[in-house]
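Given next are the chains, with one letter for each unit.
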Amino acid sequence: MKSKFLSNDIVIGALGAIISVVFVVQALKFPEVSKYFPSFCLFALLLFSVILITEGVVKTVKVRRGEADYTASEIKKKPYILATYVILYVICVDKIGYFISSLIFVPCCMYFFGQRKIKIMGLVTVGILAFLYWLFVYQLNLNLPAGLLF
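Residues numbered from 1 in each chain as written. Predicted model: local features only at pLDDT ≥ 70, side-chain atom pairs only at ≥ 80, totals over all residues. Heavy atoms only, no water.

## Remarks on the pattern of salt bridges
Inference 1: In the structure shown here, the tally under the stated rule is two salt bridges.
Inference 2: Across the pair K59 and D9 runs a salt bridge whose closest N-O atoms are separated by 2.8 Å. Of this pair, K59 sits in helix α2 (residues 36-65) while D9 sits in helix α1 (residues 8-27), and the two are 50 residues apart along the sequence.
Inference 3: Relative accessible area serves as the criterion here: at 27%, K59 is assigned to the partly exposed category. (Salt bridge = Lys/Arg side-chain N within 4 Å of Asp/Glu carboxyl O. Helix = DSSP H or I, 4+ residues; strand = E, 2+ residues; numbered from the N terminus. Buried < 20%, exposed > 50% of the residue type's maximum accessible area, 1.4 Å probe, protein only.)

## Focus on the nonpolar core
Side chains that are nonpolar tend, in soluble globular proteins, to be buried together.
Inference 1: Counting eight residues, the largest nonpolar core is built from Y89, V93, Y98, F99, F105, C109, L129 and L132.
Inference 2: Counting residues per element, the ones that place at least two in this core are α3 (72-96), α4 (98-112) and α5 (118-139).
Inference 3: Residue contributions to this core peak at four residues, all from α4.
Inference 4: When neighbours within four sequence positions are excluded, V93 is seen to be in contact with Y98, S101 and P145. (Core = buried A, V, L, I, M, F, W, Y, C linked by side-chain atoms within 4.5 Å. Contact = heavy atoms within 4.5 Å.)

## Observations regarding the confidence of the model for the protein chain
Inference 1: In this model, the protein chain carries an average pLDDT of 87, and 92% of its residues clear a pLDDT of 70 or more.
Inference 2: Across the protein chain, α5 holds the top mean pLDDT of 94, while α3 sits lowest at 83. (pLDDT = per-residue confidence, 0-100.)

## Considering the packing of α1 against α2
Inference 1: At a closest axis distance of 8 Å, the pairing of α1 and α2 adopts a crossing angle of 160°. Taken together, α1 and α2 sit at an angle that is classed as roughly antiparallel. Taken as a pair, α1 and α2 cross one another with a handedness that is left-handed.
Inference 2: Grouping the constituent residues of the contact of α1 with α2 by class yields 16 nonpolar, seven polar and two charged. (Axes fitted to C-alpha atoms, helices over the stretch in contact; angles between N-to-C directions. Parallel < 35°, antiparallel > 145°, perpendicular 65-115°, else oblique. Left-handed = near helix turned anticlockwise from the far one by under 90°. Nonpolar A, V, L, I, M, F, W, Y, C, P; charged D, E, K, R; others polar.)

## Digging into unusual backbone geometry
Inference 1: Here N141, not a glycine, exhibits a phi torsion of approximately 50°, which is positive.
Inference 2: Assignment of secondary structure puts N141 in the segment after α5.

## Observations regarding the side chain of D9
Inference 1: Classification of D9 by relative accessible area gives buried; the value is 13%.
Inference 2: Within the structure, the side chain of D9 is placed 2.8 Å from the side chain of K59, a separation counted as a polar contact.
Inference 3: The residues touching D9, leaving out its near neighbours within four places in the chain, are L52, I53, G56 and K59. (Polar contact = N/O pair within 3.5 Å; in protein donor to acceptor, adjacent residues only side chain to side chain.)

## Re α5
Inference 1: In a regular helix each residue adds 1.5 Å, so 22 residues correspond to 32 Å; α5 covers 30 Å between its end C-alpha atoms and thus fits that length.
Inference 2: For α5, the set of buried residues is M121, T125, L129 and L132. Down the axis of α5, the buried set is contained in an arc of 70°. They therefore lie on one face. Turned more than 90 degrees off the buried face of α5, the exposed positions are K119, L123, V126 and Y138.
Inference 3: Contacts from the buried residues of α5 go to α4. (Expected span 1.5 Å × (residues − 1). Arc of directions from axis to C-beta.)

Written out as structure tokens, the structure is:
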């Protein structure tokens, strides 16, 4: 009996592609100078969506043939777990601030995706936060959501 499994990557990629096409149509109506950056970002989203769809098709075929080293249920769980992380992160940014939330979120995501080396997790987290602080606070003069320490 053939499995009716369909990878979440196909669905998410299709949604990303639809969103990018809808917004590209809108962005092309912008004034000449203003449309370049949004159009570039949206075409990048479209490209990544197509790549995601392709990966989803490969996963689906492997699971249906029984060639995958993972199960369909493992593939189905991960996007929901990650979506829960992101929702909690957004709530925490509002409650305890951007930098403290990011200090917790980045290592958690790295652990979720398989990084187990504490030194690398720490260095990447500090590097990302330092760069974003420099970019938003010093270069762009923007105030990020304040929290307990910042």
